[in-house]
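The lines below spell out each chain.
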Amino acid sequence: MVDISAHYILHTFFGGPTGWHGKTQALTDEQAERLRPRLPEPPPRGLRVPMREGDAELFATLASDGRAGYAELAVATGWSESTVRRRLEQLRHMRALFFDVEIDAALLGYEAEVMLWLTVPPAELVSVAEELSGHPEVVFTAATSGQSNLVAIVVCRDIDAFYDYMSTRIGALKAVNHMESAPVLKSVKRAGRLVPARNHPFPSR
């Protein structure tokens with residue numbers, strides 16, 4: 001190892017519970033809207049969600065297997081299944097917990113995944129981030145600490161498509177003063193981990 005740097009995600013504009021990894025045009029706008037999760041309005045910024053006894057076990061179990069059912073979570077936490085259900089709803093309402101699906105973009109024909117670090121004037125940060133978030137190629141956008149103040153993950157069909165995106169869509173953002181890019185050659189581990197297949201294809205919730 002020659003060098004390492006660490007940065008802090010200050011604010012997520014797109015991704016997580018609102019994002020779609022590997023956007024496609026396979027669905028009509030109406031079909032996509034019907035599948036869009038009905039998330040509650042986010043709580044006020046800075047609001048702390050108090051943790052209670054059993055939450056650590058709840059999160060640990062879900063981190064290991066996001067498809068764990070109420071019965072399994074009840075065993076892990078020592079709560080009743082009804083208590084687990086109420087706590088999950090509360091945590092999701094407070095945005096302290098969300099469920100996401102990881103998709104291998106290459107399986108959908110998107111072979112080029114690239115990380116972008118952009119530097120923009122602070123006064124233009126929100127407008128540029130929102131513009132990026134609307135691009136079909138972008139699957140994650142966030143304000144970050146470090147030399148660059150904006151990070152994005154872009155997924156394109158191939159490197160030629162990424163070049164076209166960089167030279168046209170990114171090039172049209174006049175507020176971008178500097179940009180660095182790095183292709184993702186291989187993902188060793190993402191947010192979650194692989195779990196054994198079950199007999200049933202869908203979670204019990």
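Attention in this report is confined to the structure presented alongside it. Predicted model, so just to flag it, every value in this text is computed and none were measured.

Rules used throughout
Residues numbered from 1 in each chain as written. Predicted model: local features only at pLDDT ≥ 70, side-chain atom pairs only at ≥ 80, totals over all residues. Heavy atoms only, no water. Helix = DSSP H or I, 4+ residues; strand = E, 2+ residues; numbered from the N terminus. Contact = heavy atoms within 4.5 Å. Pairing = 2+ DSSP bridges. Axes fitted to C-alpha atoms, helices over the stretch in contact; angles between N-to-C directions. Phe/Tyr/Trp six-rings, centres within 6.5 Å; stacked < 30°, edge-to-face > 60°. Lys NZ or Arg CZ within 6 Å of the ring centre and 35° of its normal. Patch = residues over 30% accessible without salt bridge, like charges linked within 9 Å, V, L, I, M, F, W, Y side chains within 5 Å. Areas by Shrake-Rupley, 256 points an atom, 1.4 Å probe, with all protein chains shown as cover. Salt bridge = Lys/Arg side-chain N within 4 Å of Asp/Glu carboxyl O. Lys, Arg positive; Asp, Glu negative; His and termini not counted. Charge placed at Lys NZ, Arg CZ, Asp CG, Glu CD. Buried < 20%, exposed > 50% of the residue type's maximum accessible area, 1.4 Å probe, protein only.

1. Topic: the environment of Ser148
Note that Ser148 resides in the loop between strand 3 (138-144) and strand 4 (150-156). Along the backbone, Ser148 and Leu118 are 30 residues apart, and their C-alpha atoms lie at a distance of 5.5 Å. If we ignore the near neighbours within four places in the chain, the residues touching Ser148 are Trp117, Leu118 and Thr119.

2. Some remarks on the sheet that holds strand 3
Ordered in space as 1-3-4-2-5, the five strands form an open sheet in which the pairing is antiparallel. Both edges of this open sheet fall to strand 1 (9-14) and strand 5 (178-183), since each of them pairs with a single strand only. The average undirected angle you get between the axes of adjacent strands in this sheet is 20 degrees. Where strand 2 (residues 112-119) and strand 4 come together, seven bridges link them in antiparallel fashion. Residue Ala112 lies in a different strand from strand 4, and its bridge partner there is Cys156. Against the sheet, helix 6 (residues 159-170) engages strand 2, strand 3, strand 4 and strand 5, with an angle of about 25 degrees to strand 2.

3. Some remarks on the packing of aromatic side chains
Applying the stated criterion across every chain yields a total of zero aromatic pairs. We note Arg52 situated over the ring of Trp79; from NZ or CZ to the ring centre the distance is 4.6 Å. The cationic tip of Arg157 hangs over the ring face of Tyr110; the distance from NZ or CZ to the ring centre is 4.3 Å.

4. Some points on a negative patch on the surface
A contiguous patch of negative charge, built from Glu111, Asp158, Asp160 and Asp164, is present on the exposed surface. The residue Asp164 is located in helix 6 in this model.

5. Looking at the pairing of strand 4
Burial analysis of strand 4 places seven of its seven residues in the buried class, the great majority of the element. The two faces of strand 4 match: Leu150, Ala152, Val154 and Cys156 on one face and Val151, Ile153 and Val155 on the other face are all buried. In terms of strand pairing, strand 3 meets strand 4 through five bridges, oriented antiparallel. Looking at strand 4, one finds that Thr141 is bridged to Ala152.

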